[in-house]
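Coordinates in review
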Amino acid sequence: MWTVIEGKGELLCGKKSQPIGVGQIVVVPALEDHGIRNSSSDNLVIASITGQGD
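Residues numbered from 1 in each chain as written. Predicted model: local features only at pLDDT ≥ 70, side-chain atom pairs only at ≥ 80, totals over all residues. Heavy atoms only, no water.

So, on to the sheet that holds strand 6 (residues 45-48). Here three strands make up an open sheet; going across it, the order is 4-1-6 and the pairing antiparallel. Across the chains shown, the open sheet's two edge strands, defined by having one partner strand only, are strand 4 (25-26) and strand 6. As judged from the two bridges shared by strand 1 (residues 2-6) and strand 4, these two strands associate in the antiparallel manner. What sits directly across from Trp 2, in strand 4, is Val 26. (Pairing = 2+ DSSP bridges. Helix = DSSP H or I, 4+ residues; strand = E, 2+ residues; numbered from the N terminus.)

If you want it as structure tokens, here you go:
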């Protein structure tokens, strides 16, 4: 689970992508390929919480 604290970016999940911004909470299903990319010249700050996998 990620929460965007500052800036804006792009969530990559599987073969899809979507814009993300301040205050947004993102939950990625277990074992799904995922990542976050900064889509601007400003800082992208996120808080990450990771649960134990299977």
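As paired elements, strand 2 (residues 8-13) and strand 3 (residues 16-21) share six bridges and run antiparallel to each other. Looking at strand 3, one finds that Cys 13 is bridged to Lys 16. In this structure, the hairpin formed by strand 2 and strand 3 is closed by a connection of two residues, where Gly 14 is found at a positive phi of approximately 65°.

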